[in-house]
Amino acid sequence: MDRAAKNVNMINNQVNVRKMTVEDIHRVYEIEQLSFSVPWTKESFYRELVHNHFATYLVIEYEGKVVGYCGLWVIVDDGQITNIAISPAYRGKKLGETLLRSVLNVAKEKGAKAVTLEVRVSNTVAQSLYKKLNFEPIGIRENYYTDNQEDAILMQVNL
């Protein structure tokens with residue numbers, strides 16, 4: 001396990017960030033369904049955890065309950081955030097920021113020089129978080145989202 005994933009991030013003993021396990025998939029899938037109009041399947045998460053050696057997924061626990069997750073691929077020196085979500089009931093507590101900082105630390109440890117992600121043009125809340133962590137817009141992916149053909153902003157942070 002990576003040092004950043006092993007290091008437990010505790011904020012006043014209520015928050016813990018750790019590597020996702022197969023046992024977390026059911027809860028992560030619930031959060032995925034609450035967060036996205038075209039959610040990943042349980043099988044997709046399983047394949048990522050078990051078969052994708054480029055992937056690392058972290059979960060964030062609040063008061064002992066998994067309330068969010070984030071996926072990362074690192075291929076050579078390039079990192080890509082696959083998905084990140086916090087359960088709607090737990091948003092606004094800086095949990096997304098804590099989780100994303102942990103994921104960026106894992107990316108650094110795995111040798112990534114930069115990390116990219118896509119975000120909906122309409123998702124200004126997420127864009128604000130990414131900008132706070134020094135992500136910058138580097139392009140547009142037109143018609144990226146299959147549910148409504150919304151464009152995505154491609155954002156990148158150099159590590």
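Look up: the structure comes first, before these words.
Right, let's walk through the structure included here. Note that the structure is predicted; figures quoted are calculated from it, not measured.

**What to know about the layout of surface pockets**
One simple way to see leftover space: roll a probe sized like a water molecule over the atoms. Volume-wise, the largest pocket comes out at about 1200 Å³. What lines the largest pocket is a set of 38 residues, and nearest its centre among them are Phe36, Ile84, Asn123, Ala126 and Tyr130. Elements supplying a minimum of two residues to the lining of the largest pocket: α2 (25-35), β4 (78-86), α4 (95-109), β5 (114-120) and α5 (124-132). In terms of residue count, the dominant contributor to the lining of the largest pocket is β4 (seven residues). For the lining of the largest pocket, the per-class residue count stands at 18 nonpolar, eleven polar and nine charged.

**Considering the nonpolar core**
Across soluble globular proteins, you tend to see nonpolar side chains buried next to one another. Formed by 31 residues in total, the largest nonpolar core has its most connected members in Ile60, Ile81, Leu95, Leu99, Leu100, Tyr130 and Phe135. Of all the secondary-structure elements, those providing two or more residues to this core are β1 (15-19), β2 (55-62), β3 (65-75), β4, α4, β5, α5 and β7 (152-158). Broken down by element, the residue count for this core peaks at seven residues, all from α4. The next biggest cluster of nonpolar side chains, apart from the first, holds eleven residues, and it includes Met20, Ile31, Val66 and Ala85.

Analysis parameters
Residues numbered from 1 in each chain as written. Predicted model: local features only at pLDDT ≥ 70, side-chain atom pairs only at ≥ 80, totals over all residues. Heavy atoms only, no water. 1 Å grid on protein atoms, 1.4 Å probe; cavity = no way out; pocket = protein on both sides within 12 Å on 5 of 7 lines; lining within 4 Å. Points joined across faces, edges and corners; volume = space filled by probe spheres on them. Helix = DSSP H or I, 4+ residues; strand = E, 2+ residues; numbered from the N terminus. Nonpolar A, V, L, I, M, F, W, Y, C, P; charged D, E, K, R; others polar. Core = buried A, V, L, I, M, F, W, Y, C linked by side-chain atoms within 4.5 Å. Buried < 20%, exposed > 50% of the residue type's maximum accessible area, 1.4 Å probe, protein only.

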